[in-house]
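For reference, the chains in residue letters:
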Amino acid sequence: MKILYRSNRARGEAWKAWLAEYEPDITFTFWEEETFPSDAEFLVLWEVSEDLLEKCPNAKVIFSVGAGADQFDIRNIPANIPVVRMIEPGLTQGMVEYVMGATLALHREIPRYLTQQKKHIWQAHNSLLASQRHVGVMGIGQLGKAVLLALRDFGFQCSGWSRSPHHLLGVECWHGEKQLPEFLAQCEILICLLPLTDATRGILNARLFASLPEGASLIHVGRGEHLVSDDLIAALKTKHLSNAIIDVASPEPIPENSPLWNCENLWITPHVASETRNESAVSALLTNIRRYENGNELFGEIDRQKGY
Ligand code: NDP
Ligand code: OXD
């Protein structure tokens with residue numbers, strides 16, 4: 001069995017070593033190696049190139065190394081080759097930790113106190129308890145659901161929004177475009193955990209921000225192309241939004257001359273909210289390869305109609 005890998009080298013080295021120890025029948029090759037295995041069956045990729053399938057005529061499955069698979073133009077991949085995103089517990093836990101940290105920072109107004117500190121101002125403001133704060137998550141998928149459950153268990157008032165109906169104990173669930181304004185109207189802190197598709201590109205725009213309550217905040221951990229950054233800057237300037245934390249941008253890295261860097265009340269992290277973890281992910285990958293070989297459904301296969 002042959003895996004071709006094209007992504008972060010250190011992770012690949014760790015996976016290769018792990019497979020050599022536990023699954024020695026699997027050949028694991030790096031894309032950049034000179035002896036290119038044209039007979040590779042399982043392509044495990046973050047970066048893609050147009051000649052991918054030309055170079056790998058025996059590809060059976062394409063796996064994304066990450067939770068998103070929007071880097072692939074799925075329309076150009078033959079229907080008999082499933083495209084699969086990463087679902088693994090380490091990636092989920094990392095996202096829960098990042099979003100929980102960001103939510104608590106906004107909930108307890110840490111940005112406001114940091115601004116005061118710069119001006120040497122010692123001034124307390126009334127604070128709310130989590131039970132008095134409403135947090136909403138766009139996307140009730142693998143990651144959004146785990147985030148919502150953690151926020152709910154922490155005591156926040158929670159709601160989620162998705163494409164199709166969901167039921168989550170203690171979480172008010174909304175779905176579809178029609179229900180979006182009602183969902184947004186409650187969200188003091190809005191978290192974006194959507195996949196990037198034709199339907200979600202540019203969704204974080206002036207119209208959406210206007211539907212949020214005055215003074216709401218945004219945590220954006222989806223994809224850069226969800227966000228119309230000029231609209232975010234404008235909403236922060238007018239103080240309709242009080243704060244935003246963005247982990248993703250378009251393009252990445254954010255160019256040196258982008259107004260995002262100097263925008264007040266905006267925190268930026270460089271696409272680090274979560275990442276695929278070496279050990280938990282290699283076993284998730286292996287499980288899926290075995291499932292493919294046994295003719296079973298794959299965990300995380302992209303639905304070509306929905307695009308995610
Ligand atoms: P899933 O596919 O499991 O979940 C996607 C969710 O979004 C589902 O609830 C889906 O609805 C909902 N959704 C999709 N399209 C729409 C739409 N048009 N309107 C309303 N809801 C919609 O994805 P994951 O939770 O695994 O990952 C989400 C995203 O997080 C990734 O695609 C990636 O962009 C981002 N990510 C970012 C990382 C970072 O470090 N910043 C790390 C990992 C992921 P339904 O349930 O009805 O299908
Ligand atoms: C992912 C990411 O999709 O890191 O996993 O963004």
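Analysis parameters
- Residues numbered from 1 in each chain as written.
- Chains lettered and ligands numbered in written order.
- Predicted model: local features only at pLDDT ≥ 70, side-chain atom pairs only at ≥ 80, totals over all residues.
- Heavy atoms only, no water.
- Pairing = 2+ DSSP bridges.
- Helix = DSSP H or I, 4+ residues; strand = E, 2+ residues; numbered from the N terminus.
- Contact = heavy atoms within 4.5 Å.
- Axes fitted to C-alpha atoms, helices over the stretch in contact; angles between N-to-C directions.
- Near = heavy atom within 4 Å.
- Polar contact = N/O pair within 3.5 Å; in protein donor to acceptor, adjacent residues only side chain to side chain.
- Areas by Shrake-Rupley, 256 points an atom, 1.4 Å probe, with all protein chains shown as cover.
- Nonpolar A, V, L, I, M, F, W, Y, C, P; charged D, E, K, R; others polar.
- Parallel < 35°, antiparallel > 145°, perpendicular 65-115°, else oblique.
- Left-handed = near helix turned anticlockwise from the far one by under 90°.
- Buried < 20%, exposed > 50% of the residue type's maximum accessible area, 1.4 Å probe, protein only.
- Right-handed = clockwise from strand over helix to strand, strands pointing away.

Student: Which parts of the structure should I look at to understand the sheet that holds strand 4 (residues 61-64)?
Tutor: Backbone hydrogen bonds hold the strands of a sheet together, and the pairing may be parallel or antiparallel. Pairing is parallel across the open sheet formed by 5 strands, whose spatial order is 2-1-3-4-5. Looking at strand neighbours, the two that pair on one side only are strand 2 (27-30) and strand 5 (83-84), the edges of this open sheet. The pairing of strand 1 (residues 2-6) with strand 2 spans 4 bridges and is classified as parallel. The partner of Ile3 across the bridge, within strand 2, is Phe28. Helix-sheet contacts for helix 1 (residues 9-22) involve strand 1, strand 2 and strand 3 (42-45), and the interaxial angle to strand 2 is about 165°. Contacts from helix 9 (residues 278-293) reach strand 1, strand 3, strand 4 and strand 5, with the element oriented near 160° to strand 4.

Student: Whenever I open this one, the site of ligand 1 confuses me. Can you help?
Tutor: Near ligand 1 lie 29 residues; those nearest to it are Ile140, Leu143, Ser164, His166 and Tyr308. Within the contact set of ligand 1, an oxygen atom lies 2.9 Å away from a side-chain nitrogen or oxygen of Arg85. Between ligand 1 and the protein, one listed contact pairs a nitrogen atom with a backbone N or O atom of Val221 at 3.2 Å. Protein coverage of the free-state accessible area of ligand 1, which is 940 Å², stands at 93%. Looking at the shell around ligand 1, the elements that each hand over two or more residues are helix 5 (142-154) and strand 7 (157-162). Looking at which element gives the most residues to the shell around ligand 1, the answer is helix 5, with 3 residues. Looking at the shell around ligand 1 residue by residue, the class counts come to 13 nonpolar, 12 polar and 4 charged.

Student: So what exactly am I meant to see when it comes to the packing of helix 3 (residues 89-107) against helix 5 here?
Tutor: Axis angle and axis distance: for two packed helices, these are the angle between their axes and the distance between the axes, and together they describe the pair. The interhelical angle for the contact between helix 3 and helix 5, taken along N-to-C directions, is 50°, at an axis separation of 9 Å. The pairing of helix 3 with helix 5 is recorded here as oblique in orientation. Helix 5 is crossed by helix 3, and the crossing has right-handed handedness. Two secondary-structure elements touch here, helix 3 through Leu91, Thr92, Met95, Val96, Val99, Met100, Thr103 and Leu104 and helix 5 through Gln142, Leu143, Ala146, Val147, Ala150, Leu151 and Phe154. Broken down by class, the residue content of the contact of helix 3 with helix 5 amounts to 12 nonpolar, 3 polar and no charged.

Student: For this particular structure, what's the right way to read unusual backbone geometry?
Tutor: With the exception of glycine, most residues fall at negative phi, and the peptide bonds are largely trans. That bond from Ser250 to Pro251 is cis: its omega, 0°, falls within 30 degrees of zero. Note on placement: Pro251 falls in the loop between strand 11 (241-246) and strand 12 (266-268). Backbone torsion omega between Glu252 and Pro253 reads -5°, so that peptide bond is classified as cis. With respect to the helices and strands, Pro253 occurs in the loop between strand 11 and strand 12. Look at His120: it is not a glycine, yet its phi comes out positive at around 60°. Locating His120 in the fold gives a position in the loop between helix 4 (110-118) and strand 6 (134-138). His120 gets classed as exposed once you look at its relative accessible area, which sits at 75%. Phi is positive for Lys239, close to 70°, though the residue is something other than glycine.

Student: What am I meant to see in the site of ligand 2 here?
Tutor: Within the structure, ligand 2 sits among Trp46, Gly66, Ala67, Gly68, Arg223, His271 and Ser274. Between Gly68 and ligand 2, the recorded distance is 2.9 Å, taken from a backbone N or O atom to an oxygen atom. Take Arg223: an N or O atom from its side chain is 2.7 Å from an oxygen atom of ligand 2. Compared with its free state, where it exposes 210 Å², ligand 2 has 83% of that area covered by protein. For the shell around ligand 2, the residue count by class is 2 nonpolar, 4 polar and 1 charged.

Student: For this particular structure, what's the right way to read the side chain of His125?
Tutor: Within the secondary structure, His125 is located in the loop between helix 4 and strand 6. At 2.5 Å, the side chain of His125 forms a polar contact with the side chain of Gln116. Apart from the residues within four sequence positions on either side, His125 is in contact with Glu109, Arg112, Tyr113 and Gln116.

Student: Mind showing me how you'd approach the environment of Val171 here?
Tutor: Within the element layout of this structure, Val171 appears in strand 8 (residues 171-175). For Val171, a relative accessible area of 10% translates into the label buried. Sequence-wise, Val171 and Arg152 are 19 residues apart; in three dimensions their C-alpha atoms are separated by 7.2 Å. Here Val171 is in contact with Leu148, Arg152, Cys158, Ser159 and Gly160, once residues within four sequence places are set aside.

Student: Explain the pairing of strand 7 to me, please; I cannot follow it from the model alone.
Tutor: On any regular strand, side chains alternate: one points to one face of the sheet, the next to the other face. Counted residue by residue, strand 7 has 5 buried out of 6 residues, so it is predominantly covered. Across 5 bridges, strand 6 lies against strand 7 in parallel orientation. Its bridge partner being in strand 7, Gly136 is matched across the sheet by Ser159. Assessed by its sense of winding, the connection that carries the chain from strand 6 through helix 5 to strand 7 is right-handed. Note that strand 7 and strand 8 share 5 bridges and pair parallel. Bridge pairing in strand 8 links Gly160 to Cys173.

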